[in-house]
Amino acid sequence: MANDSKTWRCGKYELSFDRPRIMGVLNVTPDSFSDGGEHFDADAAIEYGLAMLDAGADIIDVGGESTRPGFTPVNPDEEARRVLPVVRALAKEGAIVSIDTRHVAVAKAAVRCGASIVNDVTGFTDPKMVEFVATSTCGVIVMHAGEVAAPTRTHATVQLDTSAAAFVAEKAREAAAEAAREAEKPARRRRGKLLGEPKTEAKLPGGVVQPSLPFGDPEPAPEPAPAPVDEQKQETPVAEQAAPVAEAATAPEPAPEPNDHLAAMMRRSARREEAYVPTSQLRRFTLPDSAPIMRRVMGFLSDQARTLIHAGVSRDRICIDPGPGFGKTANEDIVIQRETAKMASLGYPLMCAVSRKRFVGAVSGVTEAAARDAATFGVCLGAIQAGANIVRVHDVAGFAQFLNGYWAVAKPQPRRAFVAVGSNLGHRCDNIRAARDMIAEIPLTCVSNCSRIYESEPAYEMRQDAFANAVIEIKTELAPLVLLDELMKIEAELGRDRSKKAKANGPRTIDLDLLWMDGETHGGKKLRLPHPLIGERDFVLVPLEDLMHDPARFFRYNGVEVKEPEDRVGHIVGELGRM
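Report follows, based on the coordinates. (Residues numbered from 1 in each chain as written. Predicted model: local features only at pLDDT ≥ 70, side-chain atom pairs only at ≥ 80, totals over all residues. Heavy atoms only, no water.)

**With respect to the overall build of the protein chain**
Move 1: Each helix and strand counted, the protein chain has 18 helices and 18 strands in total.
Move 2: Looking at the protein chain residue by residue over its 579 residues, the buried ones come to 49%.
Move 3: For the protein chain, the proportion of contacts with a sequence separation of at least 24, taken over those separated by at least 6, is 72%.
Move 4: Split by element, the accessible area of the protein chain, about 28600 Å² in all, is 53% carbon and sulfur. (Helix = DSSP H or I, 4+ residues; strand = E, 2+ residues; numbered from the N terminus. Buried < 20%, exposed > 50% of the residue type's maximum accessible area, 1.4 Å probe, protein only. Contact = heavy atoms within 4.5 Å. Areas by Shrake-Rupley, 256 points an atom, 1.4 Å probe, with all protein chains shown as cover.)

**Looking at the pairing of strand E12 (residues 390-393)**
Move 1: Across the two faces of E12 the burial is the same, with Ile390 and Arg392 and Val391 and Val393 all buried.
Move 2: As paired strands, strand E3 (residues 21-27) and E12 are joined by four bridges and run parallel to one another. What sits directly across from Ile22, in E12, is Val391.
Move 3: In this structure, strand E11 (residues 351-352) lies alongside E12, joined through two bridges in parallel fashion. Of the residues in E12, the one forming a bridge with Cys352 is Val391. (Pairing = 2+ DSSP bridges.)

**Section: the pattern of salt bridges**
Move 1: The full count for this structure, using the stated rule, is 35 salt bridges.
Move 2: Overlapping salt bridges bring together Asp18, Arg19, Arg21, Asp58, Arg415 and Glu520 as one network. (Salt bridge = Lys/Arg side-chain N within 4 Å of Asp/Glu carboxyl O.)

**Brief notes about helix H14 (residues 396-410)**
Move 1: Relative to the 21 Å expected for 15 residues at 1.5 Å per residue, H14 spans 20 Å between its end C-alpha atoms, a close match to the ideal helical length.
Move 2: Residues of H14 that are buried include every one of Val396, Phe399, Ala400, Leu403, Tyr406 and Trp407, and no others. Each buried residue of H14 sits inside an arc of 140° when the element is viewed along its axis, so together they form one side. Among the exposed residues of H14, those pointing more than 90 degrees away from its buried face are Gln401 and Val409.
Move 3: Lining the buried residues of H14 we find E3, helix H1 (42-55), helix H13 (373-386) and E12. (Expected span 1.5 Å × (residues − 1). Arc of directions from axis to C-beta.)

**Looking at the sheet that holds E11**
Move 1: Strand order across the open sheet formed by eight strands is E10-E7-E6-E5-E4-E3-E12-E11, with parallel pairing between neighbours. The open sheet is flanked by strand E10 (318-321) and E11, the only strands paired with a single partner.
Move 2: On the sheet, H1 packs against E3 and strand E4 (59-63) and is oriented at approximately 165° with respect to E3. (Axes fitted to C-alpha atoms, helices over the stretch in contact; angles between N-to-C directions.)

**Notes on the packing of H13 against H14**
The angle between the axes and the distance between the axes are what describe a pair of packed helices.
Move 1: Put simply, H13 and H14 touch, their axes get as near as 11 Å, and they point 45° apart. Taken as axis vectors, H13 and H14 run oblique relative to one another. Once H13 is placed against H14, the crossing between them reads as right-handed. On the side of H13, the interface is formed by Phe377, Cys380, Leu381, Ile384 and Gln385, while H14 contributes Gly398, Phe399, Phe402, Leu403, Tyr406 and Trp407. (Parallel < 35°, antiparallel > 145°, perpendicular 65-115°, else oblique. Left-handed = near helix turned anticlockwise from the far one by under 90°.)

**Regarding the side chain of Gln337**
Move 1: With respect to the helices and strands, Gln337 occurs in helix H10 (residues 330-338).
Move 2: Residues contacting Gln337, with those up to four places away along its chain left out, are Pro324, Cys352, Val354, Phe359, Val379 and Ala383.

**Quick word on helix H9 (residues 290-311)**
Move 1: In this model, H9 (22 residues) spans 31 Å end to end at C-alpha, consistent with the 32 Å of a helix rising 1.5 Å per residue.
Move 2: Among the residues of H9, Ile293, Met294, Val297, Met298, Phe300, Leu301, Ser302, Asp303, Gln304, Ala305, Thr307 and Leu308 are the ones counted as buried.
Move 3: For H9, the N-terminal capping position is held by Asp289, with its side-chain oxygen 3.4 Å away from the main-chain nitrogen of Ala291.
Move 4: One or two positions beyond H9, positive phi appears at Gly312, with a value near 120°. (Polar contact = N/O pair within 3.5 Å; in protein donor to acceptor, adjacent residues only side chain to side chain.)

**Some words on unusual backbone geometry**
Move 1: Looking along the chain, the bond that leaves Leu529 and enters Pro530 is cis, with omega of -15°.
Move 2: Secondary-structure assignment places Pro530 in the loop between strand E17 (511-517) and helix H17 (538-544).
Move 3: Positive phi outside glycine occurs at Asp550, with the angle close to 55°.
Move 4: Within the secondary structure, Asp550 is located in the loop between H17 and helix H18 (551-557).
Move 5: Looking at Asp550, the relative accessible area reads 35%, which means it is partly exposed.

**What to know about the packing of helix H3 (residues 104-112) against helix H4 (residues 127-134)**
Move 1: The interhelical angle for the contact between H3 and H4, taken along N-to-C directions, is 15°, at an axis separation of 9 Å. In terms of axis orientation, H3 runs roughly parallel to H4. Helix-helix and strand crossings are classified by hand; for H3 and H4 the assignment is right-handed. Contacts from Val104, Ala107, Lys108 and Val111 in H3 reach Lys128, Met129 and Phe132 in H4.

**Section: the packing of aromatic side chains**
Move 1: All chains considered together, the criterion is met by seven aromatic pairs.
Move 2: Each ring, one from Phe377 and one from Phe402, has its centre 5.5 Å from the other, and the planes form 35°; the classification is tilted. In this pair, Phe377 sits in helix H13 while Phe402 sits in helix H14, placing the two residues 25 residues apart along the sequence.
Move 3: On the accessibility criterion, Phe377 (10% relative accessible area) is buried.
Move 4: With a centroid separation of 5.8 Å and 35° between ring planes, the pair formed by Phe418 and Trp516 is classed as tilted. Highlighted residues: Phe418 in strand E13 (residues 415-423) and Trp516 in strand E17, separated in sequence by 98 residues.
Move 5: For Phe418, a relative accessible area of 0% gives the class buried.
Move 6: An aromatic cluster of at least three residues, connected via ring pairs, comprises Phe418, Trp516, Phe554 and Phe555.
Move 7: A cation over an aromatic ring shows up here: Arg315 above the ring of Tyr348, its NZ or CZ 4.1 Å from the ring centre. (Phe/Tyr/Trp six-rings, centres within 6.5 Å; stacked < 30°, edge-to-face > 60°. Lys NZ or Arg CZ within 6 Å of the ring centre and 35° of its normal.)

Here's what the structure looks like:
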């Protein structure tokens, strides 16, 4: 299940998986398959990214090159121009940003701009990409992109000739072909690789072998020699009769850039899904055998993870993704999703990135990609139950509601949190006690401890009365953004003025700040966790000393910069009593 002991270190962030994490898709492209062009403008993309954070996204995955079937490759300079302003702005707001790229130059620039994760659609098969992430601290997502079915051999149409001469000639041809195959038979590859697969391995520093790309074109099979035909009895071959139909069905598409294996693979994938091939051979089972499919997918993911580890990437920085839709048919994608538990058993954080994919449309009967969100949620729920840790979706707001509803009834999970309470209007201590009582009435929440009430100097806006301050320790099963909404309701009920005419740090009847929640890191305009100003506020750190030992050390360990007492704001000047 998702609430396991795995953690994922991504630069300065560390994600725990006591609940599934939501990755929001942000395509800064004109041609993505479900939202192409909607966020191509940098300002629109930044605004949408912040909206996804406020809706419940834990990670924002920014991509500047569409990899849909039939996509047009984008050069690294253009890709960087699209994504870097977006990455920089979101990282500045405290977001955990993932850069979705296969180009090492783009990955380097994005990490410099604040990205914490590199999501490589080619699975780190480029040795230069491996070298880069080995020298950084970012998290990495290893994705499988490639066909999982063995290539089929084509057979030429022949005509039967029962003459003795034709029989002898056929036997001679068979013997010659067998001898040629024996002479060209490739050496057996090492365990975990397919026999006959071309060797295109590269050496990494330290002698680590880099496997070949999983989506390279298979070597064409040698064409058999044509069978002899009696000239007097020759008829038009069946293959020639069908030639006009075959040419129409397999008309060549615009060629991708030279050596762009990913684009070629995705074009083949689209043709495999869209082409109908009549056959008289009926299948006995609804889905293909899972064993060969999972050997290729899990073998690749395991090999690439080990390659990264040998290059110097720590294991707790690695996440894996089976790559639904990349070179796979709908049947193959369903097989892979049903084997989620096996992939989770590899021990790495596991991503479910099925949002609006073709196979989701196939199983739900929904043709339009943007209308597949409900079906996406169903597939994601199945993956979560089987052990997926991260869910990559387009509709963050909808999925966050879906997940919060499911998690509340299916997974009892009380977590510790701290709420700062302040007041400098009216009966200050009574306001704080009223807020405490109302917090205790929030669903799935209880008050477990309270600090004493302290008097402090005003902070930020000095021309106002002194404040009464306290910190309340709670346990809650609500998601952070849901809890924040409940706290805002209490502020409004107790008379807090949050209109534009009110000063941001001016006088107020009550002020409730969510400071910290166990296992939660969050960025955005609406909520930042841990609270970005906690380390400079004396009126928060001193009350926290009533609830924990050495709060300054505790928050420094959690990545918060804590100032020395003399450098803080809102200094405590006295004690006003107990809660």
